Amino acid sequence: MEKFREMIEPFWLLVVDVWEKGLLETSLGRIFVALGIVTVAVLVRGLFVRIVIGRLKGLVGRTRTRLDDEAMAVLERPMAFIPVVVGVYFAVDYLGLSGGLKLFADRLVRSLIVWVIFWAFRNLVPPLSLVLRQLEKYFTASMVDWLIKAINVALIFIGAATILEIWGIRIGPIIAGLGLFGVAVALGAQDLFKNLIAGMLIIAEKRFNPGDWIKVGGEVEGTVETIGFRSTLIRQFDKAPVYVPNAKLSDNSLINYSRMSHRRIYWVIGVEYRTTVDQLRTIRDGIEDHLRRTDAFDTTPAVPTFVRIDRFSDSSIDIMVYCFTRTTVWGEWLAIKETLACEIKRIVETAGAAFAFPSQSIYVETLPPETPEVFVPENERGLSVPPPRDDGEAE
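Just so we're clear, the structure is a prediction, and the values are computed from it rather than from any experiment. (Residues numbered from 1 in each chain as written. Predicted model: local features only at pLDDT ≥ 70, side-chain atom pairs only at ≥ 80, totals over all residues. Heavy atoms only, no water.)

Draft legend 1. Up close: the nonpolar core. Formed by 21 residues in total, the largest nonpolar core has its most connected members in I283, I287 and L291. Going through the elements one at a time, β6 (263–271), α10 (277–293), β8 (317–325) and α11 (330–350) are the ones with two or more residues in this core. Examining the composition of this core, we find that six residues originate from one element, α11, more than from any other. Once you skip the residues sitting within four places of it in the chain, L291 turns out to touch F297, T299, T305, V307, V321, C323 and L340. Counting residues in each nonpolar core, the second largest holds 12 residues, with I203, V224, I234 and V244 among its members. (Core = buried A, V, L, I, M, F, W, Y, C linked by side-chain atoms within 4.5 Å. Buried < 20%, exposed > 50% of the residue type's maximum accessible area, 1.4 Å probe, protein only. Helix = DSSP H or I, 4+ residues; strand = E, 2+ residues; numbered from the N terminus. Contact = heavy atoms within 4.5 Å.)

Below you can see the structure in the form of structure tokens.
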């Protein structure tokens, strides 16, 4: 027995030494306990969510505003990560690290804290954007959208810079280096910066907003969906998306149909030449009377309204109808045009006239006189006559 104890004692001392020194001079017992602390923190996370966050949701639910409810909804995930960060902190503290390991663990805990804070701020941007939407009274919706995007980018940049500073990476020299690097990049990214500046000018000039119907000559026609930093998404009427660089929208002429005050109807109506003067005047007066009696048309001095006998065309006498509708909605405008077309046809038919169509008339001044048929000898109808001989002899 004594001999066995003498043999096992060195092995036991070796096990104790391994247990105490463990990994990187840290006891394995402390490492397992630290892992247990982190595991418990992860398990407590669900309980923390149900109790603490549930209590906070109940408190904000009693308020009248919806802002705090939406803020609490987006803060749920970052707040649920708090027990994990606390568990990591206690686990590191229990390990009692020293030297480089202690510095590494301290930076890790600090980085996790910064991550949770900026995660929460980043998630708060959408609910707070409802407050920023109040600025649309003074700015356009696109400018507010750009402001929200700028806040998101700023939060991500500040959070990343803070974590880099924690790990000893100075952000100042990086920014200075980026300044020199940016000069080189700018030479090859002129179009990118040009489109970025063009996008700012579009928003500042209020050329168009999302939802507007625009037409750019030679480029695209459709409805604006989003105005990005580099390009604008325009949805064509066939529902195909078109991404147009902002520079083309800023430099080229652009028609914004959504800004129209009225929509125009410009027709030329041709009636037959057999229409009398009285019939022409009846048609003209009937159309003009319909335009002035119908509320769909604006006949005030704000816009011109003309119904006039315009010209004598090749096949018709033309009556010009030039008027504006009050609505600018395309579907309503088409319905008004249809009603006007039916009314003009009724007026023309009631006046006893008819619409003209392209035609040609041929006038023959005189007919050619009758002449007798010319007799053509048989030889001249295709029969050949032998030519005379050159030697002067008779055949």
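Draft legend 2. Structural view of the sheet that holds β8. Ordered by their spatial adjacency, three strands build an open sheet running β6-β8-β7, and the pairing between neighbours is antiparallel. Two strands bound the open sheet, and with one partner strand each, they are β6 and β7 (306–312). Put simply, the sheet's adjacent strands are angled 20 degrees from each other on average, direction ignored. When β6 meets β8, the two strands line up antiparallel, connected through nine bridges. (Pairing = 2+ DSSP bridges. Axes fitted to C-alpha atoms, helices over the stretch in contact; angles between N-to-C directions.)

Draft legend 3. Representation of unusual backbone geometry in the model. Phi is positive for K239, which is not a glycine, with a value near 70 degrees. Along the chain, K239 turns up in the loop between β3 (231–236) and β4 (241–245). Judged by its relative accessible area of 62%, K239 is exposed.

Draft legend 4. Representation of a nonpolar patch on the surface. Together, V40, V44, L47, I51, V52, L56 and L59 make up a nonpolar patch on the protein surface, roughly 540 Å² of accessible area in all. Relative to the elements of secondary structure, L47 occurs in helix α2 (residues 28–60). The partly exposed category is assigned to L47, whose relative accessible area is 41%. (Patch = residues over 30% accessible without salt bridge, like charges linked within 9 Å, V, L, I, M, F, W, Y side chains within 5 Å. Areas by Shrake-Rupley, 256 points an atom, 1.4 Å probe, with all protein chains shown as cover. Salt bridge = Lys/Arg side-chain N within 4 Å of Asp/Glu carboxyl O.)

Draft legend 5. Examining the pairing of β8 more closely. Across the nine residues of β8, nine count as buried, placing the element largely inside the fold. Residue alternation in β8 divides its side chains into two sets, I317, I319, V321, C323 and T325 and D318, M320, Y322 and F324, and both sets are buried. Alignment of β7 against β8, held across six bridges, turns out to be antiparallel. When the sheet's bridge partners are listed, V307 is paired in β8 with V321. Counting the residues that bridge the hairpin from β7 to β8 gives four residues.

Draft legend 6. Highlighting the pattern of salt bridges. Under the counting rule described, the total for this entry stands at 10 salt bridges. Note that R235 is salt-bridged to E225, the shortest N-O span being 2.8 Å. Placement of the pair is R235 in strand β3 and E225 in strand β2 (residues 220–227), with a sequence separation of 10 residues. Taking the relative accessible area as the measure of exposure, R235 reaches 25% and is therefore partly exposed. Under the relative-accessibility criterion, E225 is labelled partly exposed at 33%. Residue D298 is joined to R326 by a salt bridge in which the shortest nitrogen-to-oxygen separation is 3.9 Å. Of this pair, D298 sits in the loop between α10 and β7 while R326 sits in the loop between β8 and α11, and the two are 28 residues apart along the sequence. Given a relative accessible area of 5%, D298 falls into the buried group.

Draft legend 7. Quick look at the sheet that holds β2. Taken in spatial order, the five strands line up as β4-β3-β2-β1-β5 in an open sheet, and their pairing is antiparallel. The strands lining the two open edges of the sheet, one partner per strand, are β4 and β5 (254–256). Along the sheet, successive strands turn relative to each other by an average axial angle of 40 degrees, direction set aside.

Draft legend 8. Just the packing of helix α4 (residues 82–95) against helix α5 (residues 100–132), in detail. Two elements in contact, α4 and α5, have axes separated by 10 Å at closest approach and are oriented at 170 degrees. Relative to α5, α4 is oriented roughly antiparallel. You can see that α4 and α5 cross each other, and the crossing is left-handed. When α4 is examined against α5, the residues I82, V85, V88, Y89 and V92 are found in contact with a partner set consisting of A105, V109, L112, I113 and V116. The residue makeup of the contact of α4 with α5, split by class, is 10 nonpolar, no polar and no charged. (Parallel < 35°, antiparallel > 145°, perpendicular 65-115°, else oblique. Left-handed = near helix turned anticlockwise from the far one by under 90°. Nonpolar A, V, L, I, M, F, W, Y, C, P; charged D, E, K, R; others polar.)

Draft legend 9. Expanded view of the packing of aromatic side chains. Under the counting rule described, the total for this entry stands at 11 aromatic pairs. Consider the rings of Y273 and F312, whose centres lie 6.3 Å apart with planes at 20 degrees: the pair is stacked. Residue Y273 is located in the loop between β6 and α10, and its partner F312 is located in strand β7; the two are separated by 39 residues in the primary sequence. Through pairs of rings, three or more aromatic residues link up here, namely Y266, F306, Y322 and F324. (Phe/Tyr/Trp six-rings, centres within 6.5 Å; stacked < 30°, edge-to-face > 60°.)

Draft legend 10. How the structure looks around α11. In this model, α11 (21 residues) spans 30 Å end to end at C-alpha, consistent with the 30 Å of a helix rising 1.5 Å per residue. Residues of α11 that are buried: W333, I336, L340, E343, I344, I347 and V348. The arc that holds the buried residues of α11, viewed along the axis, is 135 degrees, so those residues lie on one side. Exposed residues lying more than 90 degrees from the buried face of α11 are E338 and C342. Against β6, α10 and β8 lie the buried residues of α11. (Expected span 1.5 Å × (residues − 1). Arc of directions from axis to C-beta.)

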